[in-house]
Amino acid sequence: MTMTLTEPAAPVTGRATVRHRRAQRIAKLGFYVPALVYLAVFFGYPVVANVVMAFQDYTVSSFYQGDAPWTGWDNYAAVFGNELFSATLWNTAVFTLASLAFQFAIGLGLALFFRRHFPLSGVLRALLLLPWLLPLLVSGTVFRWLLDQDYGVLNHILLGLHVIDAPVGWLVDPAYAMTAVVIANIWIGIPFNMVILYGGLQTIPEQLYEAASLDGASAWQRFRNVTWPLLRPVTTVVLMLGLIYTIKAFDVIMVLTQAGPADATQLLSTWSYQLSFTELHFGEGAAVGNVLVVIAMLFALVYLRVVRTEQDGR
């Protein structure tokens, strides 16, 4: 009786490998597609629609009839020729730079303070996050109560200390309104700066400070020669993100002053809103919005360039 031995089948490699790679590509696309659809619907379409609207005479009837005559650059000419444009641009610059400077300085000071471990330091850090975690509507309402001319806590304290003789109209006087909204925005933005800078400080080796101390370096010299150079990449990120976030601020202004009094706190973001939904000049409002988008994009490009430079230098 003879037995025949059959050779084992060769492993399938050709078509199976191709099918496997194709399945992997489809799986990857399955993760990409939802994000791309989301960006296209909720970011791409509004931006494109806003750009187109800035070149049209868009009215309330256009929403129903779909008829919006093409006007070219007329909306931009009206915006740039408006005497409020230069004042609004100046207010936006003052609000952004003042908020950024104090948010960063105070946030850095708190980050350096909390770098030293002491009892309840974690609890205090968590409490300082509250301004960042609270909705802007809540934060704005709190500051309206604090800064109210007749019933505000600040005026009550200052009158009690005899610092002022009469209540100050922090939110209704053009001389003080910008200062009031800047203070509110600084309070809101400090936790963001503190958290990011504190995380950057944690990456600096403690041995460097010990070596600097052995060399006789003072606290200021340790900060200038050790902390600041090593914290510079994080500093760049914090300042750029804070700039992009602050330049489009809207909620805190509308809650506190509604861009008043007498346009003293009018920013590009609030002016775009008022042109569109108060005066119903949708084309001009879209033009102001596009100016704000261009400014934010310029800073975003600077941010990306700086980050790339920092990465290439490592």
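Reading the values: the criteria
Residues numbered from 1 in each chain as written. Predicted model: local features only at pLDDT ≥ 70, side-chain atom pairs only at ≥ 80, totals over all residues. Heavy atoms only, no water. Helix = DSSP H or I, 4+ residues; strand = E, 2+ residues; numbered from the N terminus. Rg over C-alpha atoms; globule rule 2.2 N^0.38 Å. Contact = heavy atoms within 4.5 Å. Expected span 1.5 Å × (residues − 1). Bend = angle between axes of the 7 residues up to and from the residue. Buried < 20%, exposed > 50% of the residue type's maximum accessible area, 1.4 Å probe, protein only. Patch = residues over 30% accessible without salt bridge, like charges linked within 9 Å, V, L, I, M, F, W, Y side chains within 5 Å. Areas by Shrake-Rupley, 256 points an atom, 1.4 Å probe, with all protein chains shown as cover. Salt bridge = Lys/Arg side-chain N within 4 Å of Asp/Glu carboxyl O. Lys, Arg positive; Asp, Glu negative; His and termini not counted. Charge placed at Lys NZ, Arg CZ, Asp CG, Glu CD. Phe/Tyr/Trp six-rings, centres within 6.5 Å; stacked < 30°, edge-to-face > 60°. Arc of directions from axis to C-beta.

### Details of the overall build of the protein
In terms of regular secondary structure, the protein is built from 14 helices and zero strands. Secondary structure of the protein in N-to-C order comes out as α-α-α-α-α-α-α-α-α-α-α-α-α-α. Compactness check: the protein gives a C-alpha radius of gyration of 28 Å against a globular reference of 20 Å for 314 residues, more than 25% above the reference. For the C-alpha atoms alone, the extent of the protein along its principal axes is close to 120 × 75 × 35 Å. A sequence separation of at least 24 residues applies to 66% of the contacts in the protein between residues at least 6 apart.

### A closer look at helix α11 (residues 219-247)
The terminal C-alpha atoms of α11 lie 35 Å apart, and with 29 residues this falls more than 12% below the ideal 42 Å at 1.5 Å per residue. The largest bend in α11 amounts to roughly 55 degrees and is located at Arg232, with the proline Pro233 lying one to four residues further along.

### Here's the deal with the side chain of Thr227
Within the element layout of this structure, Thr227 appears in helix α11. Among the residues examined, Thr227 registers a relative accessible area of 2% and is labelled buried. When residues no more than four places from it in sequence are discounted, the contact partners of Thr227 are Leu112, Leu201, Ile204, Tyr209 and Arg222.

### Some thoughts on a positive patch on the surface
A contiguous patch of positive charge on the surface is contributed by Arg15, Arg19, Arg21, Arg22, Arg25 and Lys28. One can find Arg25 in helix α1 (residues 14-53). With relative accessibility at 53%, the residue Arg25 sits in the exposed group.

### Some remarks on the packing of aromatic side chains
Considering all chains together, one arrives at 19 aromatic pairs under this definition. The rings of Phe55, Trp70, Trp73, Tyr76, Phe80, Phe85 and Trp271 are connected pair by pair, giving a single aromatic cluster.

### Here we look at helix α3 (residues 74-81)
Among the residues of α3, those classed as buried are Asn75, Tyr76 and Val79. Down the axis of α3, the buried set is contained in an arc of 95 degrees. They therefore lie on one face. In this structure, α3 carries Ala77 and Gly81 as exposed residues pointing more than 90 degrees from its buried face.

### Looking at unusual backbone geometry
The linkage connecting Gly260 with the following residue, Pro261, adopts the cis geometry, with an omega of -10 degrees. Along the polypeptide, Pro261 turns up in the loop between α12 (251-256) and α13 (268-277). Even without being glycine, His162 reaches a positive phi, approximately 60 degrees. As for its placement among the helices and strands, His162 is situated in the loop between α8 (153-160) and α9 (174-202). At Asp263, a residue that is not glycine, the phi angle is positive and equals roughly 60 degrees. Looking at Asp263, the relative accessible area reads 31%, which means it is partly exposed.

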